[in-house]
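The lines below spell out each chain.
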Amino acid sequence: MDRHAPVPRHVAVVMDGNGRWARQRYMPRFFGHKAGVDALVRAIDLFADRGVEYLTVFAFSSENWKRPADEVSGLMGLVLVAVSKYLGRIAAKGVRIRIIGDRDTMAERLQEAWSLAERSTAHNTRITLTVAFNYGGRWDVVQACRRALADGIDAEGLDEHALGRYTMLGDLPDPDLFIRTGGEMRISNFLLWQVAYAELYFTETLWPDFGAPDIDAALAAYAGRDRRFGGIPPMLAATSSG
Ligand code: IPE
Ligand code: IPE
Ligand code: MG
């Protein structure tokens, strides 16, 4: 891996702060989620323009079912609205869409909407947007183990590489940069396996306000990081005789 790459190939984002953004405006939380969808549509294009190849966003966690029923159903409905409102525009911009998460416990209409988004953008190559929906990092590791076992992989054959291939992003490079908006400094069960060596970036900006200045600040912070992957700084490596 190129440790000097100035632009991350893969960015993962916890899109947090929609509820607070709405509350600041004395509006219901759903208003914030709607604004959050608009922010995502803008962000995809901005990241693609800056050379990011893979953008993976956390839209609904395995734990978000704990929210009040009206918020949960509002979020589910918003997916249907967002797909019908934005899919054409996103597809025309060269975005390939993929969904990761537990599809089996999603309503059929939702599964169909996500499948449509995947099918109609499968040929696109400008940027890959992966939407984590009904996703949890622990669920991901468990489903990877199950699928590996079902494929007949035994204890001997189950190493990090083999199991990694069965995780939901097994065919993509690991995220280089992990961004969380909304000021909380936690992973909240997002890509636990995959963020092993991601650079972490937290911002107070609430997700609906996340725009070009925030993206540029995050990418600038990333460009200034010294990625070592457990090794020694490159300057020392150049002069080290081993
Ligand atoms: C993130 O915003 C969106 C989802 C989790 C679906 P929140 O809804 O968590 O917003 P805050 O954190 O309450 O402000
Ligand atoms: C993480 O945000 C999940 C998404 C952004 C989809 P939460 O708002 O659910 O996380 P916690 O509850 O603050 O940890
Ligand atoms: Mg939140």
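Residues numbered from 1 in each chain as written. Chains lettered and ligands numbered in written order. Predicted model: local features only at pLDDT ≥ 70, side-chain atom pairs only at ≥ 80, totals over all residues. Heavy atoms only, no water.

### Describing the pattern of salt bridges
Point 1. In the structure shown here, the tally under the stated rule is 17 salt bridges.
Point 2. Across the pair Asp45 and Lys93 runs a salt bridge, and its minimum N-O distance is 2.9 Å. Of this pair, Asp45 sits in helix H2 (residues 29-49) while Lys93 is found in the loop between helix H3 (69-92) and strand S3 (95-100), placing the two residues 48 residues apart along the sequence.
Point 3. Residue classification places Lys93 among the partly exposed residues on the basis of a relative accessible area of 39%.
Point 4. Connected through shared salt-bridge partners, Asp16, Arg20, Arg180, Glu184 and Arg186 make up one network. (Salt bridge = Lys/Arg side-chain N within 4 Å of Asp/Glu carboxyl O. Helix = DSSP H or I, 4+ residues; strand = E, 2+ residues; numbered from the N terminus. Buried < 20%, exposed > 50% of the residue type's maximum accessible area, 1.4 Å probe, protein only.)

### Digging into the side chain of Gln194
Point 1. Secondary-structure assignment places Gln194 in the loop between strand S5 (177-180) and strand S6 (199-202).
Point 2. Those residues in contact with Gln194, other than ones at most four positions away along the chain, are Tyr135, Asp140, Thr167, Met168, Leu169, Asp174 and Pro175. (Contact = heavy atoms within 4.5 Å.)

### Re the confidence of the model for the protein
Point 1. Looking at the protein, the pLDDT average stands at 95 and 97% of residues meet or exceed 70.
Point 2. Mean pLDDT values over the elements of the protein span from 75, in helix H8 (residues 234-239), up to 99, in strand S1 (residues 10-14). (pLDDT = per-residue confidence, 0-100.)

### Topic: the sheet that holds S1
Point 1. The six strands are arranged S3-S4-S2-S1-S5-S6 in an open sheet whose pairing can be described as parallel. Here the strands that pair on one side only, and so sit at the sheet edges, are S3 and S6. Adjacent strand axes in the sheet meet at a mean angle of 20 degrees when their direction is disregarded.
Point 2. Across seven bridges, strand S2 (residues 54-61) lies against strand S4 (residues 127-135) in parallel orientation. Paired with Leu55 across the two strands is Leu129, which belongs to S4.
Point 3. Lying over the sheet, H3 contacts S2, S3 and S4, oriented at roughly 155 degrees with respect to S3. (Pairing = 2+ DSSP bridges. Axes fitted to C-alpha atoms, helices over the stretch in contact; angles between N-to-C directions.)

### Points about the site of ligand 2
Point 1. Inspection of the region around ligand 2 gives Val14, Met15, Asp16, Phe58, Ala59, Phe60, Asn64, Arg67, Arg180, Arg186 and Ser188 as its neighbouring residues.
Point 2. Contact between ligand 2 and Asp16: an oxygen atom at 3.1 Å from a side-chain N or O atom of the residue.
Point 3. Between Arg186 and ligand 2, the recorded distance is 2.8 Å, taken from a side-chain N or O atom to an oxygen atom.
Point 4. Contact with the protein chains hides 78% of the accessible area of ligand 2, taken as 390 Å² for the molecule alone.
Point 5. Partitioned by chemical class, the residues of the shell around ligand 2 number five nonpolar, two polar and four charged. (Near = heavy atom within 4 Å. Polar contact = N/O pair within 3.5 Å; in protein donor to acceptor, adjacent residues only side chain to side chain. Areas by Shrake-Rupley, 256 points an atom, 1.4 Å probe, with all protein chains shown as cover. Nonpolar A, V, L, I, M, F, W, Y, C, P; charged D, E, K, R; others polar.)

### Section: the packing of H2 against H3
Helix-helix packing: each pair is described by the crossing angle between the helix axes and the interaxial distance.
Point 1. As a packed pair, H2 and H3 sit with axes 10 Å apart at the nearest point and diverge in direction by 30 degrees. Considering their axes alone, H2 and H3 lie roughly parallel with respect to each other. You can see that H2 and H3 cross each other, and the crossing is right-handed. For the pair formed by H2 and H3, the contact residues are Arg29, Phe30, His33, Lys34, Val37, Asp38, Val41 and Ile44 on the first element and Glu71, Gly74, Leu75, Leu78, Ala82, Lys85, Tyr86 and Ile90 on the second.
Point 2. Across the contact of H2 with H3, the residue classes break down as nine nonpolar, two polar and five charged. (Parallel < 35°, antiparallel > 145°, perpendicular 65-115°, else oblique. Left-handed = near helix turned anticlockwise from the far one by under 90°.)

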